[in-house]
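Spelled out, the chains give:
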Amino acid sequence: MRIATWNVNSIKARFPTVQEVLQNIDCDVVCLQELKCETDAFPYMELEEAGWNCAVLGQKSYNGVALLSKYPLEDVTKGLSTMEDDQARFIEALVMAETPFRVGGLYLPNGNPAPGPKFDYKLEWMACLLDHARERLKAEEPYVLCGDYNTIPTAVDCWDETKWADDALALPETREAFRRIKNLGMTDAFEITDGRAHQYTFWDYQGGAFQKDHGIRIDHLLVSPQAADRLQSVEIYRKARSLDKPSDHVPVIGVFED
DNA sequence: ATGGCCGTACATTACGGA
């Protein structure tokens, strides 16, 4: 079972690239973020023709999340169970593989500038995600909570810690909120299968950041104990960043024993 | 310094992103 998360930064602006990458990474489940399209405008037909079952929570202009699955999806929920949110940032479903996996796809708020109302919203969102994860863990099932966390977990997850010191992605409050979710018993899949420093999932469009490898690791898969038991490896599909008109994020793939 | 982001929208600039 291969489960990917990928912030596509507009599905319409790069749909041919998205289709090509989906084919190449050969996953069973893909969580997409930053669709930047309304639910009705999602390219259901093309993706269904390629064998995907789709669950979508879209929004005009900004945000928007989707779940793609080669297996049937059941128990689809849109939005966090623990919060009223007018932004399309969370979708979850039960993936009916031989061993069912529950998969949540999230697009956590950026939070800049900090301090300020946007940072407050980010921290509120993370607190609600914590409550949601706590409830989900009670089921003791394979559970994967993946997406763009807009969180640089530690100093070695960015190319230059000093450049991010005052940024909402790296502030102590953000890192603490992320750790709290891990402390519930959700494991960072990359950390336990790879764990190398300076492995990135995002590179800014500006200043030749990708060529200089000036990136940050902000796309994560957090997994329940039952999913961690099956976890074999994590792949960061860097190649997606070198294509024409790329997203600024690349797919991160968790590989699980079936 | 010989270069210097991207996508969206009530668009020709403002905004959100990270």
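The rules behind these values
Residues numbered from 1 in each chain as written. Chains lettered and ligands numbered in written order. Predicted model: local features only at pLDDT ≥ 70, side-chain atom pairs only at ≥ 80, totals over all residues. Heavy atoms only, no water. UniProt positions renumbered as here; feature names shortened; annotations may be inferred. Pairing = 2+ DSSP bridges. Helix = DSSP H or I, 4+ residues; strand = E, 2+ residues; numbered from the N terminus. Axes fitted to C-alpha atoms, helices over the stretch in contact; angles between N-to-C directions. Contact = heavy atoms within 4.5 Å. Near = heavy atom within 4 Å. Polar contact = N/O pair within 3.5 Å; in protein donor to acceptor, adjacent residues only side chain to side chain. Nonpolar A, V, L, I, M, F, W, Y, C, P; charged D, E, K, R; others polar. Buried < 20%, exposed > 50% of the residue type's maximum accessible area, 1.4 Å probe, protein only. Arc of directions from axis to C-beta.

- As annotated in an unreviewed UniProt entry, chain A carries the name Exodeoxyribonuclease III and comes from Hyphomonas jannaschiana VP2.
- Quoted verbatim from the Sequence similarities (unreviewed entry) field of UniProt, the annotation for chain A is "Belongs to the DNA repair enzymes AP/ExoA family."

### A short note on the sheet that holds strand β1 (residues 2-7)
Inference 1: The strand order β3-β4-β2-β1-β14-β13 describes an open sheet built from 6 strands, whose pairing is mixed. Looking at strand neighbours, the two that pair on one side only are β3 (53-57) and β13 (231-236), the edges of this open sheet. The average angle at which neighbouring strand axes cross in this sheet is 15 degrees, direction not considered.
Inference 2: Of the strand pairs in this sheet, β1 and strand β2 (residues 29-33) are connected by 5 bridges, and their pairing is parallel. The partner of Ala 4 across the bridge, within β2, is Val 30.
Inference 3: Packing against the sheet, helix α1 (residues 15-25) makes contact with β1, β2, β4 (65-69) and β14 (252-256), and its axis sits at approximately 155 degrees to β1.

### Regarding the sheet that holds strand β5 (residues 73-78)
Inference 1: Taken in spatial order, the 6 strands of this open sheet run β5-β6-β7-β8-β12-β9, and their pairing is mixed. The open sheet has two edge strands with one neighbour each: β5 and β9 (187-188).
Inference 2: The sheet contact formed by strand β7 (residues 101-107) and strand β8 (residues 143-148) spans 6 bridges and is parallel. Across the sheet, the residue bridging to Tyr 107 is Asp 148, located in β8.

### Observations concerning the protein's contact with DNA strand B
Inference 1: Taken together, 23 residues lie near DNA strand B, and Ser 10, Asn 110, Gln 206, Gly 207 and Ile 216 sit nearest.
Inference 2: When atoms of DNA strand B within 4 Å of the protein are split into backbone and base, the sugar-phosphate part holds 85%.
Inference 3: The side chain of Lys 118 places a nitrogen or oxygen atom 2.9 Å from a phosphate oxygen of DNA strand B.
Inference 4: When its residues are assigned to classes, the surface near DNA strand B shows 7 nonpolar, 8 polar and 8 charged.

### A short note on the environment of Glu 135
Inference 1: For Glu 135, the position within the fold is in helix α3 (residues 117-137).
Inference 2: A relative accessible area of 46% means that Glu 135 is categorised as partly exposed.
Inference 3: In the structure, Glu 135 is positioned 68 residues away from Trp 203 in sequence and 34 Å away in space, judged by C-alpha atoms.
Inference 4: Among the polar contacts made by the side chain of Glu 135, one reaches the side chain of Lys 138 at a distance of 3.0 Å.

### What about α1?
Inference 1: Residues Phe 15, Thr 17, Val 18, Val 21, Leu 22 and Ile 25 constitute the buried set of α1. For α1, the arc enclosing every buried residue in end-on projection is 150 degrees, short of the 170-degree limit, so these residues lie on one face. Turned more than 90 degrees away from the buried face of α1, the exposed residues are Pro 16 and Gln 23.
Inference 2: The secondary structure elements touched by the buried residues of α1 are β1, β2, α2 (44-49), β4 and β14.

### Considering unusual backbone geometry
Inference 1: Asn 112 connects to Pro 113 through a cis peptide bond whose omega is -5 degrees.
Inference 2: Tracing the backbone through its elements, the reader meets Pro 113 in the loop between β7 and α3.
Inference 3: Residue Pro 115 is reached from Ala 114 by a cis peptide bond, and omega for that bond is 0 degrees.
Inference 4: Looking at where Pro 115 falls in the secondary structure, it is placed in the loop between β7 and α3.
Inference 5: For Asn 9, which is not glycine, the phi torsion reads 50 degrees and is therefore positive.
Inference 6: Following the sequence through the fold, Asn 9 ends up in the loop between β1 and α1.
Inference 7: With a relative accessible area of 12%, Asn 9 lands in the buried category.

### A few points about the pairing of strand β6 (residues 90-95)
Inference 1: Taking burial as the measure, the 6 residues of β6 include 6 buried ones, the bulk of the element.
Inference 2: Both faces of β6 are covered, namely the face carrying Phe 90, Glu 92 and Leu 94 and the face carrying Ile 91, Ala 93 and Val 95.
Inference 3: Pairing of β5 with β6 involves 4 bridges; the strand directions are antiparallel. Bridge pairing in β6 links Thr 77 to Glu 92.
Inference 4: With 6 bridges joining them, β6 and β7 adopt antiparallel strand pairing. The residue bridging Leu 94 from the neighbouring strand is Arg 102, located in β7.

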